[in-house]
Amino acid sequence: MLDLPGYPASDLRYLPREQVVAALDEVDCVEVTAQALRRHALGSTILPDEAYLPWQTPDGHSARSLGMPGAIRTDSGLDLGLKVINASLGNPDRGLARSQGLLMMFDPETAYPVCVMESAYISALRTAAVTAVSAQRLRTDPVGHLAVLGCGTLARAHLRLLPAVSDKLQTITLYDLDRSRAEALADALRADPDTADLTVRVEDSARACVDGADLVVTVTVTTEGYLAPEWFAPGALIAHVSLDDVLPEVVAAAGLVVVDDWGLVSHDDRRLLGRMWRAGTLRAPDGGYRPDATPDPTAAQVHTTLGDVLADRHPGRAEPGRLVLSNPFGMSILDVALGARVAAYAEEHDLGLRIPR
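Residues numbered from 1 in each chain as written. Predicted model: local features only at pLDDT ≥ 70, side-chain atom pairs only at ≥ 80, totals over all residues. Heavy atoms only, no water.

Draft legend 1. Examining the packing of aromatic side chains more closely. Applying the stated criterion across every chain yields a total of one aromatic pair. A centroid spacing of 5.0 Å and a plane angle of 85 degrees characterise the contact between W262 and W277, whose relative ring orientation is edge-to-face. Residue W262 is found in helix α8 (residues 262–267), and its partner W277 is found in helix α9 (residues 272–279); the two are separated by 15 residues along the sequence. A relative accessible area of 9% means that W277 is categorised as buried. The ring centre of Y52 lies 3.8 Å from the NZ or CZ of R270, which sits over that ring. (Phe/Tyr/Trp six-rings, centres within 6.5 Å; stacked < 30°, edge-to-face > 60°. Helix = DSSP H or I, 4+ residues; strand = E, 2+ residues; numbered from the N terminus. Buried < 20%, exposed > 50% of the residue type's maximum accessible area, 1.4 Å probe, protein only. Lys NZ or Arg CZ within 6 Å of the ring centre and 35° of its normal.)

Draft legend 2. Inspection of the pattern of salt bridges at higher detail. By the definition in use, this model includes 22 salt bridges. A salt bridge links R179 to E183; its shortest N-O distance comes to 3.1 Å. Here the residue R179 and the residue E183 both occupy positions in helix α5 (residues 179–191), the gap between them amounting to four residues, near one helical turn. For R179, a relative accessible area of 37% translates into the label partly exposed. What emerges from the salt-bridge pattern is a single network uniting R13, E347, D350 and R354. (Salt bridge = Lys/Arg side-chain N within 4 Å of Asp/Glu carboxyl O.)

Draft legend 3. Spotlight on the pairing of strand β1 (residues 12–15). Where β1 and strand β18 (residues 353–355) come together, three bridges link them in antiparallel fashion. Following the sheet pairing, Y14 is matched in β18 by L353. Here β1 pairs with strand β7 (residues 113–118) via three bridges, running parallel. For R13, the partnering residue across the bridge sits in β7 and is C115. (Pairing = 2+ DSSP bridges.)

Draft legend 4. Examining the sheet that holds strand β11 (residues 215–218) more closely. Reading across the sheet, the eight strands line up as β10-β9-β8-β11-β12-β17-β13-β16 and stay open at both edges, with parallel pairing between neighbours. Each end of this open sheet is capped by a strand with a single partner; those strands are β10 (199–202) and β16 (304–305). Note that strand β8 (residues 145–149) and β11 share four bridges and pair parallel. Looking at β11, one finds that V148 is bridged to V217. On top of the sheet, helix α3 (residues 120–138) reaches β11, β12 (237–240), β13 (256–259) and β17 (324–326); it is set at about 160 degrees to β12, its chief contact. (Contact = heavy atoms within 4.5 Å. Axes fitted to C-alpha atoms, helices over the stretch in contact; angles between N-to-C directions.)

Draft legend 5. Inspection of the packing of helix α2 (residues 29–41) against α3 at higher detail. One way to put it is that α2 packs onto α3 with a least axis distance of 9 Å and a crossing angle of 80 degrees. On the basis of their axis angle, the class for α2 and α3 is roughly perpendicular. Contacts from C29, V30, T33, A34 and L37 in α2 reach L125, R126, A129, V130, A132, V133 and Q136 in α3. Its residues placed into classes, the contact of α2 with α3 shows nine nonpolar, two polar and one charged. (Parallel < 35°, antiparallel > 145°, perpendicular 65-115°, else oblique. Nonpolar A, V, L, I, M, F, W, Y, C, P; charged D, E, K, R; others polar.)

Draft legend 6. Molecular detail of helix α1 (residues 17–24). Buried within α1 are the following residues: V20, A23 and L24. The buried side chains of α1 occupy one side of the element, clustering within an arc of 95 degrees when seen end-on. Against β1, α2, β7, α3, α4 (153–165) and α11 (332–349) lie the buried residues of α1. (Arc of directions from axis to C-beta.)

Draft legend 7. Seen up close, unusual backbone geometry. One non-glycine residue, A111, lies in the positive phi region at around 75 degrees. Looking at where A111 falls in the secondary structure, it is placed in the loop between β6 (99–106) and β7. The exposed category is assigned to A111, whose relative accessible area is 55%. Not every positive phi belongs to a glycine, and D350 is a case in point at roughly 55 degrees. Along the chain, D350 falls in the loop between α11 and β18.

See the structure below:
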């Protein structure tokens, strides 16, 4: 018999969604996310390119799989992981969440996977946490009116976190192409003790929903822009979480455009800012143009990253009356940062299923 190399005696730990939720209930997700963004700005992360696999389902819906590795250096060592997150646009019609996936955490010494966990919840929560950090650092006044466009899983994740970061919140307006989804979310908010005292309205149009809002969160699946700059209140913060809700004119009108990572934007060819960069209608944070673009001084500009604002490398909002557009593309290091906390909590409390190697 061949003499094969040995493996560590420890088992692989698997955490289902219920236990991921339980662990994250003990974590300050907004603060962990802010720390990870700051560390990224200071060069303490590794963020490789993501792998993107698109296809059409048998029913004709667009589907994709993303493989997103990342690492973050912390005070206690190196956290490493890989998120695989898949989505099908046909899932909501089946009563299923659009996305689902797994997050693997690695041992930095052996490189072996040590913990695997359900990742859709982490992915939604870290996305909402980025919006919460943006609301804290990119608004001069507390949020009193929150507008949410799209009422699925990401909307619910945002509405779990955002009321807690603004003690002045009074009104939430909701809009979804499927009004029943918006009504169901409104009913859930009215029944939740944390939001029962707020005014919650379902609007008949996207324009009515964003009218007068201090913070607008887009969490839809549209691939066609429809939000015009004149729809927004002066000084509104737009958290452009989904792909293409705002028109290019909103980017041009914004007094501050903030992303999570300029490299992700400049390498992208699917989402609005990536397309604008390739077309020469968007400038880089240093004011530069794409090398093959004809310089246009009227082109919109990405001004900074959220991490640079957190690291005090950029002042953030400078003109209170101008629109601010926050357009995070989504970074695996944020999943890894939260996943490391989940894995540590699971180890401490012996959660999950132990799978022999």
